[in-house]
Amino acid sequence: MTARAPLTAGKASVAAPANIAFIKYWGARDLAEALPANASISMTLSACLSHSTVAARPEPGPDEVLLASPGGALAPAPAGFSRRVVGHLDVLRRSTGFAGSFRVATVNSFPASAGLASSASGFAALAVAALESLGLELPAGELSALARASGSASAARSVLGGFVELPAGLEARAGAHVLYPAEHWSLCDVIALIETGEKEVSSLEGHRRAPTSPYFERRLEQLPEKLARVRSALAARDLEALGPLIEEEAIDLHLIAMSSRPGIFYWAPATLVVLAELRALRAAGIGAWGTMDAGPNVHVICEPRDAAVVADRLASLPGVRSILSDGVGSGPAPAADLF
Ligand code: PMV
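A brief structural summary. (Residues numbered from 1 in each chain as written. Predicted model: local features only at pLDDT ≥ 70, side-chain atom pairs only at ≥ 80, totals over all residues. Heavy atoms only, no water.)

A tally of helices and strands in the chain yields nine helices and 14 strands. Here the C-alpha atoms of the chain give a radius of gyration of 19 Å, agreeing with the 20 Å that 2.2 N^0.38 yields for 339 residues. Along the longest, intermediate and shortest principal axes, the C-alpha atoms of the chain span 60 × 45 × 40 Å. Counting all 339 residues of the chain, 56% fall into the buried class. A fraction of 78% describes how many contacts in the chain between residues 6 or more apart in sequence connect residues 24 or more apart. (Helix = DSSP H or I, 4+ residues; strand = E, 2+ residues; numbered from the N terminus. Rg over C-alpha atoms; globule rule 2.2 N^0.38 Å. Buried < 20%, exposed > 50% of the residue type's maximum accessible area, 1.4 Å probe, protein only. Contact = heavy atoms within 4.5 Å.)

Glycine aside, residues mostly have negative phi angles, and peptide bonds mostly take the trans form. Cis peptide bonds are those with omega within 30 degrees of zero, and the linkage from Arg-261 to Pro-262 qualifies with -5°. Take Pro-262: it is sitting in the loop between helix H7 (239–258) and helix H8 (269–283). For Ala-34, which is not glycine, the phi torsion reads 55° and is therefore positive. When you line up the elements, Ala-34 lands in the loop between strand S2 (28–30) and strand S3 (35–36).

What you see with strand S11 (residues 288–291) is no split at all: Ala-288 and Gly-290 on one side and Trp-289 and Thr-291 on the other are buried throughout. Note that S11 and strand S12 (residues 298–302) share four bridges and pair antiparallel. Within the sheet, the bridge partner assigned to Ala-288 lies in S12 and is Cys-302. Connecting S11 to the antiparallel partner S12 that follows it, the hairpin turn spans six residues. (Pairing = 2+ DSSP bridges.)

Spelled out as structure tokens, the structure:
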């Protein structure tokens, strides 16, 4: 870490967005350090947010991890969630030299653990708010690397806005970088929510099992070319080129998950219903392509002019519970205090 300002013990609140990966991180070179086996490219969102308040206390002692309800009430977070947060606070203490403790409260604007990248936004919000509570500001790459050290490599992308790439392997230690800022292309993400409960198999476990799929190595061989094609489609703002690439990529990831040993099935029947509807929409001239993270929900990427009709069509499908309308965003921003 390069920033060495004198540490303060204050309070800071940050809202950090989720992101949707166009080329996904699936399988690690080093899982303990969250170094991905492949580079990934994502779009940072603007409406799916994790909101975190962090207060630094000079006295050492146990950290306090709370969940805020949308109404504002605070309650102790479940043990598993607290452990991951305290683990990340330990990383922050080691890298900043801060010897005190933290009080943390978090609330998401969207369902957690349903393949909507809540760990990406959650750990991005935590990293930025904790640093600010200590009066520290880091260069973007170092901040991104710190977010990655939470164990959720996708968090490295959520600290940045727009269209973001996280390199593979040891290069991921330097963090993610912005390919294009949000203003480059105002793409929409119409999210068909199919299930909002906790997923059965975490993405961490998915990364662990990925190399057991007979198709894992084949995907890694094909990725450099696919990444180059996604970068050029982004450069040219060409959705007709980008759309098929991201939908194929999502299907490849899920084929690897399904063919891991033991297999992981993130899709629900309605996932296929949505994909079929997208084919029908495209046949009718509407440019809309789907991508799924480690869950059944489908993120549908389209131009703003088509977002309303896409949302209406998806909302009418059996098995789609609700629609979240999101789009490209600029990254973490200051937010109101939760306590
Ligand atoms: O960062 P993790 O360990 O939560 O893994 C992210 C996995 C995917 O969301 C499926 C893909 C991605 O790159 O966001």
